[in-house]
Amino acid sequence: MQSPQVLLVLSVTLSLVAIGATDGGFCSAPSILDRETSSKPMYWKVTNPTLSPSHLQDLPGFTRSVYKRDHALITPESHVLSPLPEWTNTLGAYLITPAMGSHFVMYLANMQENARSALPPHDVERFIFVVQGSAMLTNASGVSSKLMVDSYTYLPPNFEHSLRAEGSATLVVFERRYASLENHITEQIVGSTDKQPLLETPGEVFQLRKLLPQAVPFDFNIHIMDFQPGDFLNVKEVHYNQHGLLLLEGQGIYRLGDSWYPVQAGDVIWMAPFVPQWYAALGKTRTRYLLYKDVNRNPL
Ligand SMILES: *[C@@H]1O[C@H](CO)[C@@H](O)[C@H](O)[C@H]1NC(C)=O
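Residues numbered from 1 in each chain as written. Predicted model: local features only at pLDDT ≥ 70, side-chain atom pairs only at ≥ 80, totals over all residues. Heavy atoms only, no water.

An unreviewed UniProt entry annotates the chain as Cupin type-2 domain-containing protein originating from Citrus unshiu.

Okay, here's the thing in structure tokens:
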């Protein structure tokens, strides 16, 4: 009956001796943390509470994901991948859909080797941004463009195209039913973030790039916004437009309505029209996020 306890005491003692020998004593708490998978000192939970950030993701049943009437935070541990309809060798996770109230879908597509995309539904336009790997885009004339990380394409409604992954590739995809206007059409666009100019942001400190032309035919745009640590939005925005956001780099606090969420790279946010919204960048590295915004149409 007692031998397990004796063994535990023995192993704790031995590991403490080992830590003491290599790191010079009990003050080197981080080293004890690093080794805790092999041996845990007595009372270790007092100083390593389960809710400390390093353990949060391992807590059974815990997720930072939230779904409310006017916003949602979808964090990576909540992603559920399943085969994307009609795509080959591709798993997808729909993160924002009209079931939440949006007029667009936002999903991640994980393409494996020899994966191939399918076309969106009739009259639906598509925007693709490469997060990892690369993919080859080919249009109906057989003209191909290689899309690397940080590059993107806009595909007008009913535009024949296909994407093939050479290795693996992770894409973030936005689709919506195109809000057509008389005498206006959109055209295919291929670009990369670093080629887009920085735009004026009066009264704000973040850096802004827009990936699509600011022209009437386009019914949405995709913004890339960069914040240095400590930077925050000046305007506490409340507006008619909706947003789908992917945090590409960094961490900070997102305010959505009356809730304040710690967020980090990989998190996705849905913002319904008129939800109060605000962001502050924290940590030691820049924040970069990608943001869908509907534009250029009368909301009526
Ligand atoms: C395919 O892309 C090329 C290069 O951008 C363009 O010249 C051509 O018109 C495109 N084909 C179609 C059918 O849009």
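There is more to say, and it comes next.
Visitor: Just checking my understanding: could you explain the packing of aromatic side chains for this structure?
Guide: What characterises a pair of aromatic rings is the spacing of the ring centres plus the angle enclosed by the ring planes. Scanning all chains against the criterion turns up 20 aromatic pairs. Judged by centre distance (5.5 Å) and plane angle (40°), the rings of F206 and F227 are tilted. Highlighted residues: F206 in the loop between β10 (189–192) and β11 (207–210) and F227 in strand β12 (residues 220–227), separated in sequence by 21 residues. Judged on exposure class, the residue F206 and its partner F227 are both buried. Ring pairs connect the aromatic residues F104, F127, Y152, Y154, F174, F218, F220, W270 and Y292, which therefore count as one cluster. (Phe/Tyr/Trp six-rings, centres within 6.5 Å; stacked < 30°, edge-to-face > 60°. Helix = DSSP H or I, 4+ residues; strand = E, 2+ residues; numbered from the N terminus. Buried < 20%, exposed > 50% of the residue type's maximum accessible area, 1.4 Å probe, protein only.)

Visitor: Before we go on, may I ask you to explain the confidence of the model for the chain in this structure?
Guide: Regions with low pLDDT should not have their predicted coordinates read in detail. For the chain, per-residue confidence averages 87 on the pLDDT scale, and residues scoring 70 or more make up 83% of the total. Counting interchain partners and residues more than four positions distant, the pLDDT-below-50 stretch residues 1–37 has 23 contacts. (pLDDT = per-residue confidence, 0-100. Contact = heavy atoms within 4.5 Å.)

Visitor: Help me out: how do you make sense of the pairing of strand β13 (residues 243–249) in this one?
Guide: If a strand is regular, its side chains alternate between the two faces of the sheet. Here β13 lies mainly inside the structure; five of its seven residues are buried. Judged from the four bridges that link them, β13 and strand β16 (residues 268–271) form a sheet pairing that is antiparallel. Bridge pairing in β16 places L246 opposite V268. By the bridge criterion, six bridges tie β13 to strand β18 (residues 287–294) in an arrangement that is antiparallel. For E249, the partnering residue across the bridge sits in β18 and is R288. (Pairing = 2+ DSSP bridges.)

Visitor: How do you make sense of the sheet that holds β13 when you look at a structure like this?
Guide: Within a sheet, neighbouring strands are paired by backbone hydrogen bonds and run either parallel or antiparallel to one another. Ordered in space as β1-β2-β16-β13-β18-β12-β11, the seven strands form an open sheet in which the pairing is antiparallel. Sheet topology places β1 (66–67) and β11 at the edges, where each strand pairs with a single neighbour. The pairing of strand β2 (residues 71–74) with β16 spans four bridges and is classified as antiparallel. Note on β16: the bridge partner recorded for H71 is M271.

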